[in-house]
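Structure at a glance
One-letter residues, chain by chain:
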Amino acid sequence: MIKDVPVESILDAMRQFDEEYRSNAEWLNWQNNKNHKYAIQREGQLYPVKYIISIATGDPVSSFSGGDEANNYLIKKGFKIITLADERESEAVRGLAENLAIILKDYVSARLGQPFSSNHRIWQVFKDIEGKINDNGNIPNNVTLRWSVGQGNWAKVPWIAFMDKNKADSIQNGIYVTYLFCQDMQGLYLCLMQGVSEIIQTVGRRKGYQQLQQKAEEIRPFLKELETTGFKLDNNMKLYADSSLGSDYEKATIAYKFYPAETLPSDIELTRDLVTILNAYLHINESNSGLTATGKGNDRVERLLMNIAAQGYTFEPWQIAAYVAALRTKPFVILAGVSGTGKSKLPALISHATGGNCHLIPVRPDWTDSSDVLGYCDLQGQFKPGALLSIVREAAKNPDKHFVCILDEMNLARVEHYFAEVLSQVENRHHDGTGGFISGPLISQDLKEEDAQWGQQVLPPNLAIVGTVNMDESAYGFSRKVLDRAFTLEFSEIHLESWENESAETPDINIWPVELWFPRAINLNGLQEITAEEKQKIEEVIAILTEVNSVLIQAQLQVGYRVRDEVALFALHAEEIISSFVNRDGIQFNPLDLALQMKILPRIIGGSTPVRKVVLQLLGWAVKGSNSISEEDAQIMIDKWDKTGRPTFLADARYPRTAARLCLMWERLISEGFTSYWM
């Protein structure tokens, strides 16, 4: 007799199976093993009956019978039991229409409340569709089938795509055929579609939409026969998606046919439509299969480097690349370093060279609240807008131009005092539906009716804030609250010998569409259309930060989810301009190394025993990948670093720039009993 346990124990056992056993080799595709005749079916997942009972009761599976005894035990507790033989048989004979119906019926509940897993029934249905379409011989050999339900999280708009390698190598570019599912799963479309991501990243959303529409209009005259079979030649499809990706797909459509969930056609009709649109797709002339672009990310940054160098300013290429990637990831960047190294000049130069607009606000040491930044009400109750709020309003009125506001010498006053509202709203940004991110209102006080417009001002997606700092006795330090919310880029490389202008003329201004400054997301959950390589990069970042946290925790300095997401997004944005992450000698820099220096090291300050352990172990970790290091070994590293001229990177280290800065920080700690990241 099976020991009686509450329903909650059964549910706990199922959760334990999901977390600890489902992905093990022993249990992969267990439901296809003929030794298992029955399964618990719950929320789209299948669970082995006897094993779940064994986990819940603590009794071995050999102590009770399967079949009626185990099944009835669970049925009485309200669980649904299915016969796997019947399930396997039904899976084998399911056609395309039935598979699509399952997706339309069950996908929303999976996306909103069930774990993302390759063992989930939805995933298996997509795999089944792939296998059956490939096996039935209806797609040509030169056409590849790909599909996606997301990467780590369920996609809002899953798809099944068919690509001729001569016309598209991914859904981000070229032309392809695809099934697109509406976000609400009320139906799906069979479409002839253009890749949209690359063109938007290159020329911006507005101009990209124009080019997509122009290309569609060029192609549609060759597709008139599709209209006779029920396809529409316009882009009026509606995916009802609550993100910009939905509107991107809609704007990129060349032709489509809609299948409502309630009245899906038969397998015969679905197959006929697929063959028809694939034939039309394959006969599109090669001259009609591409989109125009105005340079990739690396090309744009190269022109930017040439423009700045031609004006006689000396910056390392990686500094400009890191600034661009950081400002795109987070619209709040702090530039630190020796006075006179161009901290205030760099944002202005880049803004001018890319067709943007730059404003400078000198910070005063008597700022104790936000009145000078955002504004205040005078004695008559009239609102007097501050300098930053006026720039915010100007940026909002010019959404096609990128604005940069420089807070010069921002730590002459306490940043937490005069900038608190802005810091909070930087973290309160959300998607605006056009690809950018906006904040909530910056002003919280009640204003007169004639001043109400000021109370509605938010941080627009086309505005970034750059603070310059000098760390000397006249300035304040930064709290962790500020450092967590910014990327900190230091200028310590100085090349006094570089003064001659080697360029005969300054390259023309290369106007960047404002969308090029928009991040792909503001957290990892918001990422869409990530590739396998990008997923691998994210996992690398998370693994590295986990190692770093194991050291930082000794001083309670560990990083949280915000830093994790921002470092990962910085790494992804940096990959788009990776060839510019070099120094003047052409030595390649690892963006992750720079991210560690920008987001981790500024947190470390003090002279306590825990801080001493953190600096020492991070030094060993950054140099040789192990935090097991003695103070004697550290001194040998410091002596070698000092004898070679105290360079800003250690060529043989795991993370060269982070290691070099930790050498400086450890030396200070030994000689002065106190250390910090700041010069």
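Anything mentioned here points back to the structure above.
So, here's what we can say about the structure. (Residues numbered from 1 in each chain as written. Predicted model: local features only at pLDDT ≥ 70, side-chain atom pairs only at ≥ 80, totals over all residues. Heavy atoms only, no water.)

Relative orientation of the contacting elements helix α20 (residues 532-552) and helix α21 (residues 561-575) amounts to 140 degrees, with a least axis distance of 9 Å. Between α20 and α21, the angle falls in the class oblique. Our pair here, α20 against α21, has a crossing hand that is right-handed. Contacts between α20 and α21 involve E534, K537, I538, V541, I542 and L545 from the first element and V563, R564, V567, A568, A571, L572 and E575 from the second. Here the residues of the contact of α20 with α21 sort into nine nonpolar, no polar and four charged. (Axes fitted to C-alpha atoms, helices over the stretch in contact; angles between N-to-C directions. Helix = DSSP H or I, 4+ residues; strand = E, 2+ residues; numbered from the N terminus. Parallel < 35°, antiparallel > 145°, perpendicular 65-115°, else oblique. Left-handed = near helix turned anticlockwise from the far one by under 90°. Contact = heavy atoms within 4.5 Å. Nonpolar A, V, L, I, M, F, W, Y, C, P; charged D, E, K, R; others polar.)

Counted by the stated rule, this structure contains 27 aromatic pairs. With 6.3 Å between their ring centres and 75 degrees between their planes, W27 and W30 make a pair best called edge-to-face. Seen in terms of ring centroids, F116 and W154 are 4.9 Å apart; in terms of plane orientation they differ by 65 degrees. Their pairing is edge-to-face. Of the two residues, F116 is situated in the loop between α5 (96-113) and α6 (121-135) and W154 in the loop between β4 (143-148) and β5 (159-164); the sequence distance between them amounts to 38 residues. Since its relative accessible area comes to 23%, F116 is described here as partly exposed. Its end group placed over the ring of F487, K599 keeps NZ or CZ at 4.8 Å from the ring centre. (Phe/Tyr/Trp six-rings, centres within 6.5 Å; stacked < 30°, edge-to-face > 60°. Buried < 20%, exposed > 50% of the residue type's maximum accessible area, 1.4 Å probe, protein only. Lys NZ or Arg CZ within 6 Å of the ring centre and 35° of its normal.)

Our next topic: the sheet that holds strand β2 (residues 45-48). As summarised here, the arrangement of the three strands in space is β2-β1-β3, forming an open sheet in which the pairing is antiparallel. The open sheet has two edge strands, β2 and β3 (80-83), and neither has a second partner. For this sheet, the mean angle separating the axes of adjacent strands, direction not counted, is 40 degrees. Summarising the sheet, strand β1 (residues 38-42) and β3 pair through four bridges and their orientation is antiparallel. Of the residues in β3, the one forming a bridge with Q41 is K80. Against the sheet, helix α1 (residues 7-21) engages β1 and β2, with an angle of about 100 degrees to β2. (Pairing = 2+ DSSP bridges.)

Here we have five strands laid out as an open sheet, ordered β10-β13-β16-β9-β17, and parallel in their pairing. Both outer strands of the open sheet, β10 (357-362) and β17 (487-491), are each paired with one neighbouring strand and no more. Shown here is a sheet whose adjacent strand axes are inclined to one another by a mean of 20 degrees, direction ignored. For strand β13 (residues 403-408) and strand β16 (residues 463-469), the ladder comprises five bridges, and the chain directions are parallel. In the sheet register, C405 faces β16, and the bridge partner there is I465. Packing against the sheet, helix α14 (residues 345-353) makes contact with β9 (332-337), β10, β13, β16 and β17, and its axis sits at approximately 160 degrees to β10. Here helix α15 (residues 387-397) sits on the sheet and contacts β10, β13 and β16; the angle it forms with β10, its principal contact strand, is near 170 degrees.

Applying the stated criterion to the full structure yields 31 salt bridges. The salt bridge partner of R22 is D18, with a shortest N-O separation of 2.8 Å. Judged by its relative accessible area of 5%, R22 falls in the buried class. One salt bridge in this structure joins R603 and D484, with 2.4 Å as the shortest N-O distance. A residue pair is termed long-range when its members are at least 10 positions apart, and R603 in the loop between α22 (591-599) and β18 (605-606) and D484 in helix α19 (residues 480-484) qualify at 119 residues. Overall, R603 belongs to the buried group, its relative accessible area being 6%. Each of the salt bridges in this network shares a partner with another, and the network as a whole consists of K330, E427, D484, R562, E566, K599 and R603. (Salt bridge = Lys/Arg side-chain N within 4 Å of Asp/Glu carboxyl O.)

Two measures define how a pair of helices packs: the angle their axes make with one another and the distance between the axes. The geometry of helix α8 (residues 205-219) relative to helix α10 (residues 244-252) is characterised by a closest axis approach of 9 Å and an angle of 30 degrees between their N-to-C directions. It follows that α8 is roughly parallel to α10 by the angle criterion. On α10, the residues that touch R205, Y209 and L212 of α8 are S244, S247, D248, K251 and A252. Here the contact of α8 with α10 is composed, by residue class, of three nonpolar, two polar and three charged.

The next point concerns helix α24 (residues 631-643). With 13 residues, α24 extends 18 Å between its outermost C-alpha atoms, agreeing within 8% with the 18 Å of an ideal straight helix rising 1.5 Å per residue. Of the positions making up α24, those classed as buried are A634, M637, I638 and W641. Burial along α24 is one-sided: seen end-on, the buried residues are contained in an arc of 100 degrees. Of the residues in α24, the exposed ones pointing more than 90 degrees away from the buried face are E632, I636, K640 and K643. (Expected span 1.5 Å × (residues − 1). Arc of directions from axis to C-beta.)

A few words now on the environment of K50. Take K50: it is sitting in helix α2 (residues 49-57). Remark: the alpha-carbon pair of K50 and F64, spanning 14 residues in sequence, is separated by 8.4 Å. If sequence neighbours within four positions are ignored, K50 has contacts with V61, F64, S65 and G66.

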